[in-house]
Amino acid sequence: MTTTTMKLRTTKPSRLFLSYLIPSLLGMMLMAINILIDGLFVSHGVGERALAGVNVAVPVYSILLSISLWIGMGGATMFSIAMGRGEQERAHSIFSQAMTTAVLLTSAIIVFSLIFEKQMAYFFGATDEIYPFVRDYLHVILVAGLIYILENILSIFIRNDGNPVLATAGLVVNSILNIILNYIFIFQFGWGVKGAAWATVIATIIGTLVLLLHFRKSNNHLKFVTWRLEWQTVKSMLLIGLPSFIVEGSAAIMIVATNMSFKHFTGEVGITAFAVVNYVHAIFIMIFIGVGAALQPITSYHHGAKLFDRLQTFVKIAVLTGFGIGLFSFLVGSLASNLFIDLFAIQSEEIAAFTRKGIVLFFIGYLFLGVNMVYAEFYQSIEQIRFATFIIMSRSLVFLLPGLWILPTLFGPDAIWLAFPVAEGITLLLLLLFKTYRKRKGKALPISEA
């Protein structure tokens with residue numbers, strides 16, 4: 001039994017969860033800060049219209065991140081379960097096939113996206129005035145998309161291999177370099193939004209080099225043993241990772257759909273206001289993802305090792321953590337809306353007023369989001385994919401997309417901001433009702449009613 005497995009089996013649950021939670025939260029926040037820094041430097045160094053253009057291009061981040069989470073979380077869950085069962089050779093094979101699948105799938109998607117780059121920009125919500133900024137940012141990010149995906153997948157596997165600190169260190173280096181390079185490229189070189197994109201790319205490359213230090217450790221279990229794909233392994237990997245893919249993929253859909261809704265009901269004022277809210281949202285959503293990312297390696301290992309009592313304890317800790325962070329996030333949004341507006345140097349009072357109202361309404365959703373995300377991640381980590389997908393699809397597509405059009409049609413443009421909290425609230429209500437019904441009927445899911 002290795003040092004890592006001994007730690008997972010014997011450490012006090014609260015202490016073990018914190019040892020994964022703290023670096024996971026820090027790492028996810030730094031990923032969000034990378035996007036936020038681009039927005040801040042662009043808004044101050046290029047202007048409001050450029051900020052709107054970068055926000056229209058931001059869904060490409062969600063698309064790339066969704067692919068990396070799809071393969072990374074699916075593969076890492078299988079990796080941790082295999083390690084929990086003591087099947088190290090199987091774990092090595094899973095890692096190798098995950099990296100191979102990532103390269104092949106990502107390359108095909110990027111080539112397709114580059115061919116239809118202009119059409120993609122307008123589909124994302126670009127107007128003729130905003131398009132030049134969207135194009136400059138989008139092209140650079142697409143060209144370097146494979147690097148971004150490989151860094152995220154490596155970070156997930158390294159965390160699952162018992163080294164969350166190094167996974168976070170790579171993101172720390174990435175974020176610090178991104179800030180420095182953004183300043184140099186935008187304010188010193190005058191490269192505009194292209195400078196923001198290139199800062200992100202170069203910082204990601206250096207962050208990836210930091211992650212590669214993991215392979216020099218003597219107790220490293222991430223080994224390349226084959227480049228041959230086993231269809232059943234790849235299929236299981238993609239199936240298990242599907243909820244993570246939907247989480248981030250639906251984030252891209254949400255941004256595009258919300259931009260389209262604002263474009264229809266309010267015009268450029270709404271698009272720019274949503275750009276500010278969405279940049280702030282990028283930070284908070286990563287915090288919630290960080291809670292799930294901390295839970296996943298632990299629950300996957302305990303599920304594989306059949307340590308179900310300890311597993312349930314971790315779920316309860318994570319649910320309380322998710323709700324607490326949600327309540328804190330709501331209070332921050334309610335009290336600090338003016339601070340967020342000032343950060344982005346919004347000059348138009350009309351845009352500032354609409355943004356201020358939007359932050360308060362939008363942040364209501366965080367009261368429900370934390371619990372939804374924890375349960376979705378938990379079900380995924382124990383291979384209960386159907387229930388994880390149910391939660392994610394409900395909160396991100398089934399109730400959100402209709403709400404973006406029904407609510408403003410019935411109650412006016414301000415109601416667009418409520419589509420997110422309404423979708424999250426209905427999803428949590430359905431989840432709680434479903435769990436209550438299962439318990440009363442004596443049909444509780446295996447180890448899932450924690």
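Everything here concerns the structure above.
Described below are features of the structure shown in this document. These numbers were taken from a predicted model, which means no experiment stands behind them. (Residues numbered from 1 in each chain as written. Predicted model: local features only at pLDDT ≥ 70, side-chain atom pairs only at ≥ 80, totals over all residues. Heavy atoms only, no water.)

What the protein chain contains, in helices and strands, is 19 helices and zero strands. Along the longest, intermediate and shortest principal axes, the C-alpha atoms of the protein chain span 60 × 50 × 35 Å. Among the 450 residues that make up the protein chain, the fraction classed as buried is 62%. Pairs at least 24 residues apart make up 82% of the contacts formed inside the protein chain by residues separated by at least 6 positions. Looking at the protein chain as shown, the accessible area adds up to about 17,300 Å², and 68% of this sits on carbon and sulfur atoms. (Helix = DSSP H or I, 4+ residues; strand = E, 2+ residues; numbered from the N terminus. Buried < 20%, exposed > 50% of the residue type's maximum accessible area, 1.4 Å probe, protein only. Contact = heavy atoms within 4.5 Å. Areas by Shrake-Rupley, 256 points an atom, 1.4 Å probe, with all protein chains shown as cover.)

The final tally for this structure, using the stated rule, is five salt bridges. The salt bridge partner of Arg 49 is Glu 268, with a shortest N-O separation of 3.5 Å. Placement of the pair is Arg 49 in helix α3 (residues 48-57) and Glu 268 in helix α12 (residues 268-305), with a sequence separation of 219 residues. On the accessibility criterion, Arg 49 (39% relative accessible area) is partly exposed. (Salt bridge = Lys/Arg side-chain N within 4 Å of Asp/Glu carboxyl O.)

On to the packing of aromatic side chains. Scanning the entire structure with this criterion turns up 30 aromatic pairs. Each ring, one from Phe 41 and one from Phe 187, has its centre 5.7 Å from the other, and the planes form 65 degrees; the classification is edge-to-face. Taken together, the residues Phe 41 in helix α2 (residues 13-45) and Phe 187 in helix α9 (residues 164-188) connect sequence positions 146 residues apart. Phe 41 sits in the buried class, given a relative accessible area of 15%. Ring centres of Phe 362 and Phe 420 lie 4.5 Å apart, and the angle between their planes is 20 degrees; on these two criteria the pair is classed as stacked. Placement of Phe 362 in helix α15 (residues 349-362) and of Phe 420 in helix α19 (residues 419-440) is noted, with a sequence separation of 58 residues between them. As far as the burial class goes, Phe 362 and Phe 420 line up, both buried. The rings of Phe 284, Phe 288, Phe 340, Phe 362, Phe 363, Tyr 366 and Phe 420 are connected pair by pair, giving a single aromatic cluster. A cation over an aromatic ring shows up here: Lys 118 above the ring of Tyr 131, its NZ or CZ 5.7 Å from the ring centre. (Phe/Tyr/Trp six-rings, centres within 6.5 Å; stacked < 30°, edge-to-face > 60°. Lys NZ or Arg CZ within 6 Å of the ring centre and 35° of its normal.)

A few words on helix α13 (residues 308-335). Given a rise of 1.5 Å per residue, 28 residues ought to cover 40 Å, and the 41 Å separating the end C-alpha atoms of α13 matches this to within 8%. Every buried residue belonging to α13 is among Arg 310, Leu 311, Phe 314, Val 315, Ala 318, Val 319, Thr 321, Gly 322, Ile 325, Gly 326, Ser 329 and Gly 333, and all of these are buried. (Expected span 1.5 Å × (residues − 1).)

So, about a nonpolar patch on the surface. Nonpolar side chains collect at one region of the surface, where Ile 147, Phe 189, Trp 191, Trp 198, Ile 202, Ile 205, Ile 206, Leu 209 and Leu 212 lie side by side and expose about 770 Å² of accessible area between them. With five residues, helix α10 (residues 192-211) is the single largest residue contributor to the nonpolar patch. If you trace the backbone, Ile 202 turns up in helix α10. Judged by its relative accessible area of 34%, Ile 202 is partly exposed. (Patch = residues over 30% accessible without salt bridge, like charges linked within 9 Å, V, L, I, M, F, W, Y side chains within 5 Å.)

Most often, soluble globular proteins keep nonpolar side chains buried together rather than apart. Judged by nonpolar contacts, the single largest core of 150 residues is most densely connected at Phe 17, Tyr 137, Phe 344 and Tyr 375. Among the elements that take part in this core, α12 stands out by supplying 23 residues, more than any other. With sequence-adjacent residues up to four places away left out, Phe 17 is seen in contact with Val 291, Ala 294, Leu 295, Ile 298, Phe 314, Ile 317, Ala 318 and Thr 321. (Core = buried A, V, L, I, M, F, W, Y, C linked by side-chain atoms within 4.5 Å.)

Time to look at the packing of helix α4 (residues 59-84) against helix α7 (residues 131-143). For the pair α4 and α7, the least separation of the axes is 10 Å and the interaxial angle reads 15 degrees. Classified by the angle their axes make, α4 and α7 are roughly parallel. For the crossing formed where α4 meets α7, the hand is right-handed. Touching Val 60, Tyr 61 and Leu 64 of α4 are Tyr 137, Leu 138, Ile 141 and Leu 142, all from α7. Residues belonging to the contact of α4 with α7 are distributed by class as follows: seven nonpolar, no polar and no charged. (Axes fitted to C-alpha atoms, helices over the stretch in contact; angles between N-to-C directions. Parallel < 35°, antiparallel > 145°, perpendicular 65-115°, else oblique. Left-handed = near helix turned anticlockwise from the far one by under 90°. Nonpolar A, V, L, I, M, F, W, Y, C, P; charged D, E, K, R; others polar.)

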